[in-house]
Amino acid sequence: MPKDAPQLGCADSPILKERGQHEVFCGLTSIVWLHRKMQDAFFLVVGSRTCAHLLQSAAGVMIFAEPRFATAILEETDLAGMADAHEELDRNVSQLLSRRPDIKRLFLVGSCPSEVIKIDLSTVAEKLTEKYSPNVNVINFSGSGIETTFTQGEDACLEAVIRSLPSSEKTQLAVLGALPDIVQDQMMRLLEQLGLENVFVLPQVKFDDDVSIGANTHFICVQPFLGASYEEMVRRGAQPICANFPFGADGTTRWLWAIAERFDVSKAKFDKVVAAPKLRAEQAIAAVASDLRGKSVFFFPDSQLEIPLARFLAAECGMELTEVGSPFIHKSLVYADLADLPATTQISEGQDVDKQLDRVFDYNPDLTVCGLGLANPLESKGLSTKWAIELVFSPIHFYEQAADLASLFARPLKRADLLKVST
Ligand code: SF4
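In this text, all values refer to a predicted model and were calculated from it rather than measured experimentally.

Undergrad: Would you mind going over the side chain of S212 with me for this structure?
TA: Note on placement: S212 falls in the loop between β7 (199-202) and β8 (217-221). Only 3.0 Å separates the side chain of S212 from the side chain of S168, close enough to count as a polar contact. Setting aside chain neighbours within four positions, we find S212 in contact with P166, S167, S168, Q172, F200 and T217.

Written as structure tokens, this is what we have:
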């Protein structure tokens, strides 16, 4: 090891746990990408106008494309009598299903208002499943801001999906997490080249897809925010495979190797399959990393992607980590990435935004990764920022996207340099 290489290992470092005012999305936002992934599903949020407005602004132009989500808005009369709310919901669902016969899975998504007034959506979902079975399966999960932060909405949805899956003893690999189609295809190709059979992805694209789980199901997460889904899989008897997350050349290789080891793929075969794409990724990252090397970065908590992304930036792009904040840290899932962070990194969980802002000004990092609400105010104070939401919506996993991932961080730094020169 070179003398100046940072000492690695944050797996057992103390985590700064904070509770206070936080600036994050609620879990409803995950509907924006989930509805595109699950082609026969419809997401009906039971909430207020605030929830409807949030979805509209998060979905942006997508709202003009007849999306498969909507909000059943709770009116004052619903708040006065719960019986009315149930009847109203029943009526809404029946109207919706008669208009959209393509819907096979209906998700009733809980929100802060539906939770505060205690509408029992899981019982409603059970009753509706009985009523519309076998044509439509009705599932409930919560995306409320009281219970979930941003990507945790996908976790809550997937956990509910897993709970409803049939059992099987088949030996198979399940990959957990929604990915853009093109990235998922690349992943499936690599797994196929490794000789793996019986591989499926959750959430499944169509309700009719043949997926089941049991004691011979091995599973691995492709996203670090799937703690509840991970635990539900374990409860169902499935066996976890834990590894670094597939960001960058090295992260992807380690993720694939963990699977290969579990399924007894030889090292020689593995090396042969990954050699070319790995080299391509390393070269592509090197071309971008020159703009990142030696620059410091600070992560505000947003999506739980922070720890694996920080590992990628430090280990593969030569960035220096100051603080890495995550809204929630599921240690069994991110252990490998935590263990690979430089020991000097401050890890924080949760948020007290004012205190965190004081810290970011003290560090004065070259790059700050944060939400939309903080980005412009921080830019006006002279910090270069990267909007964290883009990391959730852009294809960033696996070899072919590795350089694009590095570019997402390099771009704001370059822009700041250009603006400095031109003023
Ligand atoms: S679920 Fe809660 S946090 Fe999310 S938009 Fe509705 S009221 Fe706001």
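Undergrad: What exactly am I supposed to notice about the sheet that holds strand β9 (residues 239-240) here?
TA: Two modes of strand pairing occur in sheets, parallel and antiparallel, and in both the strands are linked by backbone hydrogen bonds. Here four strands make up an open sheet; going across it, the order is β7-β6-β8-β9 and the pairing parallel. Looking along the sheet, the strands with just one partner apiece sit at the ends: β7 and β9. Examined bridge by bridge, β8 and β9 share two bridges and lie parallel to one another. Paired with F219 across the two strands is P240, which belongs to β9. Sheet contacts for helix α10 (residues 248-262): β6 (172-176), β8 and β9; angle to β8, the most-contacted strand, approximately 170 degrees.

Undergrad: What should I look at first to understand the nonpolar core in this one?
TA: Side chains of nonpolar character tend, in soluble globular proteins, to be buried together. Ranked by size, the top nonpolar core spans 108 residues in total, and within it F43, F107, L176 and F409 carry the most contacts. Of all the elements, helix α17 (residues 402-422) adds the most residues to this core, at eight residues. Aside from chain neighbours lying at most four places away, what touches F43 is I31, L34, H35, M38, R68, F69, A70, F107, V109, F141 and C157. Grouped together as the second largest cluster of nonpolar side chains are 21 residues, L44, L74, L106 and V138 included.

Undergrad: What's the story with the pattern of salt bridges in this structure? I'm lost.
TA: Any two side chains of opposite charge can pair if their charged atoms end up close together. As enumerated under the stated definition, the model contains 23 salt bridges in all. In this structure, R163 and E159 form a salt bridge, with 3.4 Å as the shortest nitrogen-oxygen distance. Residue R163 and its partner E159 are located together in helix α7 (residues 152-163), separated by four residues, close to a single helical turn. Judged by relative accessible area, which is 17%, E159 ranks as buried. Within this structure, E159, R163, E232 and R235 form a network of salt bridges that share partners.

Undergrad: Which parts of the structure should I look at to understand the domain arrangement of the protein?
TA: We note that the domain assignment places domain 1 (16-21 + 286-418), domain 2 (27-148) and domain 3 (172-278) within the protein. On a C-alpha basis, the centroid separation for the pair domain 1 and domain 2 is 33 Å.

Undergrad: Explain the site of the ligand to me, please; I cannot follow it from the model alone.
TA: Near the ligand the following residues occur: C26, L28, C51, L54, S111, C112, P113, S144 and G145. Across the shell around the ligand, the residue classes tally to six nonpolar, three polar and no charged.

Undergrad: What's the story with the environment of V234 in this structure? I'm lost.
TA: Mapped onto the fold, V234 is located in helix α9 (residues 227-235). Here the alpha-carbon distance between V234 and F219, two residues 15 residues apart in the chain, equals 9.2 Å. Those residues within four positions of V234 in sequence are excluded, and the remaining contacts are F219 and P240.

Rules behind the numbers
Residues numbered from 1 in each chain as written. Predicted model: local features only at pLDDT ≥ 70, side-chain atom pairs only at ≥ 80, totals over all residues. Heavy atoms only, no water. Helix = DSSP H or I, 4+ residues; strand = E, 2+ residues; numbered from the N terminus. Polar contact = N/O pair within 3.5 Å; in protein donor to acceptor, adjacent residues only side chain to side chain. Contact = heavy atoms within 4.5 Å. Pairing = 2+ DSSP bridges. Axes fitted to C-alpha atoms, helices over the stretch in contact; angles between N-to-C directions. Core = buried A, V, L, I, M, F, W, Y, C linked by side-chain atoms within 4.5 Å. Buried < 20%, exposed > 50% of the residue type's maximum accessible area, 1.4 Å probe, protein only. Salt bridge = Lys/Arg side-chain N within 4 Å of Asp/Glu carboxyl O. Domains from an automatic or database assignment. Near = heavy atom within 4 Å. Nonpolar A, V, L, I, M, F, W, Y, C, P; charged D, E, K, R; others polar.

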